[in-house]
Amino acid sequence: MGRRKRVAVVGAGIAGLTCARRLAEGGVEVRVFDKGRAVGGRMATRRQNGRQLDHGAQFFTARSESFRAVVSDWLAAGVVAEWTPEAPARFRSRARFVGRGMNRGLPELLARDLDVSLQTEVAPLPGGGELHDAEGMALGHFDHIVVTAPIAQTARLVAPLGLDALLTRASHAPCWAVLLELSSRPCREDVLLDHGPLAWMACDSSKPGRPPGETWVLHATPQWTRANLELAPAAVTERLVRAFGAAVGRAVEPSFAVAHRWRYAQVEQAVGQPCLHDPSRGVTIAGDGLLAPRIEAAWESGHGAAEHVLAG
Ligand SMILES: Cc1cc2nc3c(=O)[nH]c(=O)nc-3n(C[C@H](O)[C@H](O)[C@H](O)COP(=O)(O)OP(=O)(O)OC[C@H]3O[C@@H](n4cnc5c(N)ncnc54)[C@H](O)[C@@H]3O)c2cc1C
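Residues numbered from 1 in each chain as written. Predicted model: local features only at pLDDT ≥ 70, side-chain atom pairs only at ≥ 80, totals over all residues. Heavy atoms only, no water.

## Some words on the pattern of salt bridges
Line of reasoning, step 1. What the rule picks out here adds up to 21 salt bridges.
Line of reasoning, step 2. Across the salt bridge formed by K207 and D54, the nearest N and O atoms sit 3.0 Å from each other. On the criterion of sequence distance, the pair formed by K207 in the loop between β13 (198-203) and β14 (214-220) and D54 in strand β4 (residues 51-54) is long-range, its members being 153 residues apart. An identical accessibility class is assigned to K207 and D54; each is buried. (Salt bridge = Lys/Arg side-chain N within 4 Å of Asp/Glu carboxyl O. Helix = DSSP H or I, 4+ residues; strand = E, 2+ residues; numbered from the N terminus. Buried < 20%, exposed > 50% of the residue type's maximum accessible area, 1.4 Å probe, protein only.)

Right, dumping it as structure tokens:
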């Protein structure tokens, strides 16, 4: 019997984990590397001093039949749940799902039984299947490498192979997020949309299975974030909390507040195909930046990349 194919996946977000799971099911020996401290990438939950808030992706939808089938398995397993907040009508136009308990629960489930190395930043790919970390330490030799980082980071990783030219038109917008704990409810709604610098204001504790308390997540618009990208986190918090107060019609005084900057948040311009597969260089590029700013797109891209690698 021949040696099993060895594949490295860079990125343990939804795209990378979906790809790695499918490859492992297909009999491939797969290793996943991520520079972060936890799996999930932008499907993230921050835990601090007993508090817990989803500061990246807030929920996800399921548009395609194939993804709906996967989501029903996750619902049956109890790892995700439908979220039905008090929200504007346009928000309620389709079913929205969240991780039950916390959004990071879903990537944690996907990572189960996979060989994942965290806090391992991969360096630009030298070619020939070699992989090194940012300090130059060898991470192994692989038959194929799948890269699932946000577009700008992927472009840097594949630049030595000349593949960055395929990504020049794609991009992600940045997003300042502010996480809050309040002592009382600021308004009747659980979700407010589009008010001044804020694109999104949501009661995180209204999601299924969250700990008791009144926690909120604010996301600034891409325009406001770009204009204030280098502002100190304390100043961002102050300005966005004030804007939240204007949205709910009264001053908001949080008992806890912290800002988080996503340099690459939502896809602004996608590549326009599920993945870029280059068998001659032994590299496949995947991630939401290939398709759309959605968890579902990351899943579809990761799944598509795995099918290409399995096919040869
Ligand atoms: C603020 C915000 C709000 C959002 N809201 C929603 C929403 O409500 N609904 C929705 O469907 N989607 C939403 N999204 C988008 C959603 O989070 C993404 O589409 C999805 O999580 C992308 O998954 P991914 O696997 O493609 O990328 P990521 O989750 O970014 O995973 C890529 C991984 O690559 C790792 N990486 C990068 N470079 C390296 C390197 N050199 N070495 C090792 N590892 C590396 C990163 O650490 C990261 O973990 C939101 C995103 C943000 C930031």
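Having put the structure on the table, let's press on.
## Here's the deal with the side chain of T237
Line of reasoning, step 1. For T237, the position within the fold is in helix α6 (residues 233-248).
Line of reasoning, step 2. Relative accessible area serves as the criterion here: at 12%, T237 is assigned to the buried category.
Line of reasoning, step 3. For T237, the residues in contact, after removing those within four places along its chain, are V178, A257, V258 and A259. (Contact = heavy atoms within 4.5 Å.)

## Some details on the sheet that holds β13
Line of reasoning, step 1. Taken in spatial order, the 5 strands line up as β12-β13-β14-β11-β15 in an open sheet, and their pairing is antiparallel. The sheet is open, and its two edges are formed by β12 (191-195) and β15 (256-269), each paired on a single side. Along the sheet, successive strands turn relative to each other by an average axial angle of 20°, direction set aside.
Line of reasoning, step 2. With 4 bridges joining them, β12 and β13 adopt antiparallel strand pairing. Among the inter-strand pairings, L193 is bridged to a residue of β13, identified as W200. (Pairing = 2+ DSSP bridges. Axes fitted to C-alpha atoms, helices over the stretch in contact; angles between N-to-C directions.)

## Considerations on the domain arrangement of the protein
Line of reasoning, step 1. If you check the domain split of the protein, you get domain 1 (1-37 + 118-170 + 270-312) and domain 2 (171-267).
Line of reasoning, step 2. Domain 1 and domain 2 are separated by 32 Å when their C-alpha centres are compared.
Line of reasoning, step 3. Across the contact, 12 residues belong to domain 1 and 6 residues belong to domain 2.
Line of reasoning, step 4. Carbon and sulfur atoms make up 62% of the area that domain 1 and domain 2 hide from each other, which totals about 670 Å². (Domains from an automatic or database assignment. Buried area = accessible area lost by both parts, 1.4 Å probe.)

## Description of the sheet that holds strand β10 (residues 144-147)
Line of reasoning, step 1. The strand order across the open sheet formed by 6 strands is β7-β2-β1-β10-β17-β16, and the pairing between neighbours is mixed. The outermost strands of the open sheet, each flanked by one partner alone, are β7 (115-117) and β16 (276-278). Direction aside, the axes of adjacent strands within the sheet are offset by 15° on average.
Line of reasoning, step 2. Both β16 and strand β17 (residues 283-285) contribute to a ladder of 3 bridges, which runs antiparallel. By the bridge assignment for β17, D278 is matched with V283.

## Topic: the nonpolar core
Line of reasoning, step 1. Membership of the largest hydrophobic core comes to 37 residues, with the highest contact counts inside it found for V9, I14, L23, F60, F67, W74 and L106.
Line of reasoning, step 2. Breaking this core down by element, the ones donating at least two residues are β1 (6-10), α1 (14-25), β2 (29-33), α2 (65-77), α3 (105-111) and α7 (295-311).
Line of reasoning, step 3. Dropping the residues within four chain positions of it, L23 is found in contact with V7, V9, V28, V30, A306, V309 and L310.
Line of reasoning, step 4. If you look at the next biggest cluster of nonpolar residues, it comprises 22 residues, including L131, F142, I145 and A155. (Core = buried A, V, L, I, M, F, W, Y, C linked by side-chain atoms within 4.5 Å.)

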